[in-house]
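Structural overview
Here's the letter readout for the chains.
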Amino acid sequence: MLRLIVLFSSLLTISLIPLQTYASNNGTAACEALPEPFQQLATMTLDPSVENPPQVGLCHRVANAEKHFEKGSDDKAIQELNKYIAGINQGSGKSIEESYAAALVSEAERVISIITGTFEPDTMAINGGVFGYSDQAPVAGATVTVSFIESGSSFTVTTDSNGLFSITDLTESGVYVADVTTSDGRTGSAQGSLLETESSSSVLVTVDLAGSSAIYGTVFDSSGQPVPGALVTAIFPDTDRKYSTTSSADGSFSLMNVHGDGTLILVGFKNDTGASGSTTGVLSSYTSQITRNLTLKAPETVNAELLNSGFENGLDGWSTEGSVTIIDRDLVFTTPDSGN
Amino acid sequence: MDMTKFRLPAISAVVPCTALMLLAGAQGATAADGCPVTQAAVVSNAGSQSAKGTLSQAFVVPPAYEAVSGRLRFLSSEWPQYYGTEYNDTYLARLTAPGKVEIIASGNVNSSSWSSGMLGYNGATPEINYNVDLSGLVGKTVQLAYEVQDVGDTIVDSALAVDAVKILRTEQFVPVPGEGGALTGSATISGSYGQAVKLTFKNQNILGTTISVKDTGPFGETKESIILPQQSVTFTFSSFGEEPMGWNFEVSTKSDAFVVSYGVESTWTEGMPPNPCY
């Protein structure tokens, strides 16, 4: 009898372990931090717009689909996603607001199309304009080369009579650099971002005659390794001039023919990770060349959403370097705008 | 409840003595009845080995996050003595995510206009409003970072004051009845709206055009874009104050041909009760 009691207790304990785990993470841990192409669908499913039930069940459908997909069982992954869609349709207008349910179905169908290989991405466009630095006048006939920093793929167009250009039918997204040269020898560059969720991106480039200064350096990651294909942008606040380029295979970069407009802020960025870094320097009449290296850091802690946005809990959720203090906002921001 | 516990978290590093004295007076923060009590952070390069002060947060963008907005103020003791020299501290606010980098605000001592100081610093700039679109970043990890860096010396300090970061959600915006129409050249759009306003412009011409929209308020932003024929662009502006508040936007173009239609959405419209929280 004693053995039976011990056995029963053991079985009960073992069976309670997953139950406790399930309870502790509210049942949705299974679909947190899923890889692409399931990430977006999982995030949308966890939104409070989806009541529970059916939220936990739907979450497990996505997680199961991901597991099947990972194992190469595409059919089973699609089956799970079809059951997910059926669940959404069942809850539409009841536990899930109708328009949000439609968005969930659309995203699930997108994932299915990726799995079946029938996904056709919407094409995107980069629209831009080229203007003179001094007169702000549109520059017609300028040659514009747009290069995505991660893939290196580039597209060259010419501005129209209004100084505008458009690169259409793009299926690639990410951060890009627009380099411009004009027939009268002016040059300029600017950075832009084209997100895969957007149909277009807009970039304005100002062009000017060549300056006599240069900035050199190397981009490193936080472990000290050189970073190729990183965006490097120099900002001169005194004159609002900006220059952008991409680091080479060995992580080095050079920004030539820039105007030595005093203090500069140098920003580095890696497209695939979002890692970034910055440094400062000075280019003046005394110093026409400088070398500044950049170290890119990815965030060490990622919150589930923006936390403590009003600093009501001090610096909880925020990362700091150097001196950061919390004060009564009215001491600094004394003018609650009463309108214009 | 003793609110001072929540109002004055531990000071993380060295700050000027005068600033500490002022911080002691920070306990009297007020907020309108029923409004959340929020505070501000001050990022300084004082005492930093790297000559840099940074405040940052990385987070996953939830669905329905439309934008984040806020206010900054650059403070420096390099003004007025070192104004015009290369002893010229800088500030930078940026948003980064895989596939996106946006410089929210940047500047230095020389590029700023100055008034008398606060928190122990010699000078303070006007407030700098910013607004960052997050609508295309749902599910992605973004990082919001505010920095102050020394340039040329590490002796004279500067700081960046960062006001509470406001989250704007899609469901907060409603169309403003009776607002909207067509523009064929430079024009003004004005009215009583909420703390955040979305202006959507559609190019009705057969030619592409540039468009620039300036919030003419004291700390207003200017936003620019290119719109191809039959395409649209949306600009979001935000301000800190009680709703409703007066807004005035100047719309202009660098292009010869300009025919656009526009609509206005806001977080407050006629018929809604006033909102004293900001």
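Residues numbered from 1 in each chain as written. Chains lettered and ligands numbered in written order. Predicted model: local features only at pLDDT ≥ 70, side-chain atom pairs only at ≥ 80, totals over all residues. Heavy atoms only, no water.

**Quick word on the overall build of chain B**
- From N to C terminus, chain B includes 2 helices and 20 strands.
- In chain B, buried positions account for 57% of the 278 residues.
- Taking the contacts inside chain B whose residues are at least 6 apart along the sequence as the reference set, 78% of them involve residues at least 24 apart.
- Counting every atom, chain B has about 10400 Å² of accessible surface; 53% of that belongs to carbon and sulfur. (Helix = DSSP H or I, 4+ residues; strand = E, 2+ residues; numbered from the N terminus. Buried < 20%, exposed > 50% of the residue type's maximum accessible area, 1.4 Å probe, protein only. Contact = heavy atoms within 4.5 Å. Areas by Shrake-Rupley, 256 points an atom, 1.4 Å probe, with all protein chains shown as cover.)

**Here we look at helix H3 (residues 55-70) of chain A**
All names here are of chain A.
- For H3, spanning 16 residues, the distance from its first C-alpha to its last is 23 Å, which sits close to the expected 22 Å at 1.5 Å a residue.
- Of all the positions in H3, only Gln55, Val56, Leu58, Cys59, Val62, Ala63, Ala65 and Glu66 are classed as buried.
- Immediately beyond the C-terminal end of H3, within one or two residues, lies Gly72, with a positive phi of roughly 85°. (Expected span 1.5 Å × (residues − 1).)

**Here we look at the confidence of the model for chain A**
All names here are of chain A.
- Across chain A, the average pLDDT comes to 87, with 90% of residues at 70 or higher.
- Mean pLDDT across the secondary structure elements of chain A bottoms out at helix H1 (residues 2-24), with 41, and peaks at strand E2 (residues 143-148), with 98.
- Confidence drops under a pLDDT of 50 for residues 1-24, and excluding neighbours within four residues, the segment shows 3 contacts in the predicted structure. (pLDDT = per-residue confidence, 0-100.)

**Structural notes on the interface of chain A and chain B**
- Counting from both sides, the interface comprises 87 residues of chain A and, opposite them, 109 residues of chain B.
- For the chain A and chain B pair, buried surface summed over both sides reaches about 7800 Å², with 56% attributable to carbon and sulfur atoms.
- Summed over the shared surface of chain A and chain B, the result is 2 salt bridges.
- In this structure, Asp163 of chain B and Arg329 of chain A form a salt bridge, with 2.9 Å as the shortest nitrogen-oxygen distance.
- Seen at the junction of chain A and chain B, the total is 31 residue pairs in polar contact (both at pLDDT 80 or more).
- In terms of residues, the side of chain A that touches chain B owes the most to one element, strand E13 (residues 276-283) of chain A, which gives 7 residues.
- With 5 bridges joining them, strand E17 (residues 323-327) of chain A and strand E1 (residues 40-44) of chain B adopt antiparallel strand pairing. (Buried area = accessible area lost by both parts, 1.4 Å probe. Salt bridge = Lys/Arg side-chain N within 4 Å of Asp/Glu carboxyl O. Polar contact = N/O pair within 3.5 Å; in protein donor to acceptor, adjacent residues only side chain to side chain. Pairing = 2+ DSSP bridges.)

**Points about the sheet that holds strand E1 (residues 124-132) of chain A**
Residue and element names in this part refer to chain A.
- On the basis of which strands lie adjacent, the open sheet formed by 3 strands has the order E4-E1-E7 and mixed pairing. Each edge of the open sheet carries a strand with a single partner, namely strand E4 (164-170) and strand E7 (200-207). Going from strand to strand, the sheet's axes swing by 15° on average, the running direction of each strand aside. (Axes fitted to C-alpha atoms, helices over the stretch in contact; angles between N-to-C directions.)

**Quick word on the packing of aromatic side chains**
- Considering all chains together, one arrives at 14 aromatic pairs over all chains under this definition.
- With a centroid separation of 5.5 Å and an interplanar angle of 65°, the aromatic rings of Phe38 of chain A and Phe69 of chain A are classed as edge-to-face. Residue Phe38 of chain A is located in the loop between H1 and helix H2 (39-45), and its partner Phe69 of chain A is located in helix H3; the two are separated by 31 residues in the primary sequence.
- Seen from their ring centres, Trp247 of chain B and Phe249 of chain B are 5.4 Å apart, and the 15° between their planes marks the pair as stacked. Here Trp247 of chain B matches Phe249 of chain B in class, with each residue buried.
- Taken together, Phe311 and Trp318 of chain A together with Tyr130 and Tyr146 of chain B form an aromatic cluster joined through their ring pairs.
- Against the face of Tyr133 of chain A rests Arg241 of chain A, its NZ or CZ located 3.9 Å from the ring centre.
- Just above the ring of Phe173 of chain B sits the side chain of Lys198 of chain B; from NZ or CZ to the centre is 4.8 Å. (Phe/Tyr/Trp six-rings, centres within 6.5 Å; stacked < 30°, edge-to-face > 60°. Lys NZ or Arg CZ within 6 Å of the ring centre and 35° of its normal.)

**Side note on the pairing of strand E9 (residues 141-149) of chain B**
Residues and elements named next belong to chain B.
- Burial within E9 is extensive, with 8 of its 9 residues counted as buried.
- Alignment of strand E2 (residues 52-60) against E9, held across 9 bridges, turns out to be antiparallel. Residue pairing in the sheet places Leu55 in a bridge with Tyr146 of E9.

**Focus: unusual backbone geometry**
- Residue Glu36 of chain A is joined to Pro37 of chain A through a cis peptide bond whose omega torsion reads 5°.
- Mapped onto the elements of the fold, Pro37 of chain A is located in the loop between H1 and H2.
- Omega for the bond connecting Pro53 of chain A with Pro54 of chain A falls within 30 degrees of zero, at 15°, which places this linkage in the cis form.
- Position of Pro54 of chain A relative to the elements: it lies in the loop between H2 and H3.
- In this structure, Gln230 of chain B takes a positive phi of about 65° despite not being glycine.
- Mapped onto the fold, Gln230 of chain B is located in the loop between strand E17 (222-227) and strand E18 (232-238).
- Assessed through its relative accessible area of 45%, Gln230 of chain B is described here as partly exposed.

**Focus on empty space enclosed by the protein**
Residue and element names in this part refer to chain A.
- Across all of its chains, the model carries 3 cavities of 30 Å³ or more by this definition.
- Estimates place the volume of the largest cavity at around 100 Å³.
- Sorting the residues of the lining of the largest cavity by element identifies strand E6 (187-194), E7 and strand E10 (241-246) as the ones contributing at least two each. (1 Å grid on protein atoms, 1.4 Å probe; cavity = no way out; pocket = protein on both sides within 12 Å on 5 of 7 lines; lining within 4 Å. Points joined across faces, edges and corners; volume = space filled by probe spheres on them.)

**Remarks on the pattern of salt bridges**
- The full count for this structure, using the stated rule, is 17 salt bridges over all chains.
- Linking Arg186 of chain A and Asp184 of chain A is a salt bridge whose minimum nitrogen-to-oxygen distance equals 3.2 Å.
- Since its relative accessible area comes to 18%, Arg186 of chain A is described here as buried.
- Residue Asp184 of chain A is classed as partly exposed on the basis of its relative accessible area, which comes to 46%.
- For the salt bridge of Lys198 of chain B with Glu265 of chain B, the shortest nitrogen-to-oxygen distance reads 4.0 Å. Within this pair, whereas Lys198 of chain B is found in strand E15 (residues 196-203), its partner Glu265 of chain B is found in strand E20 (residues 260-266), the two being separated by 67 residues in sequence.

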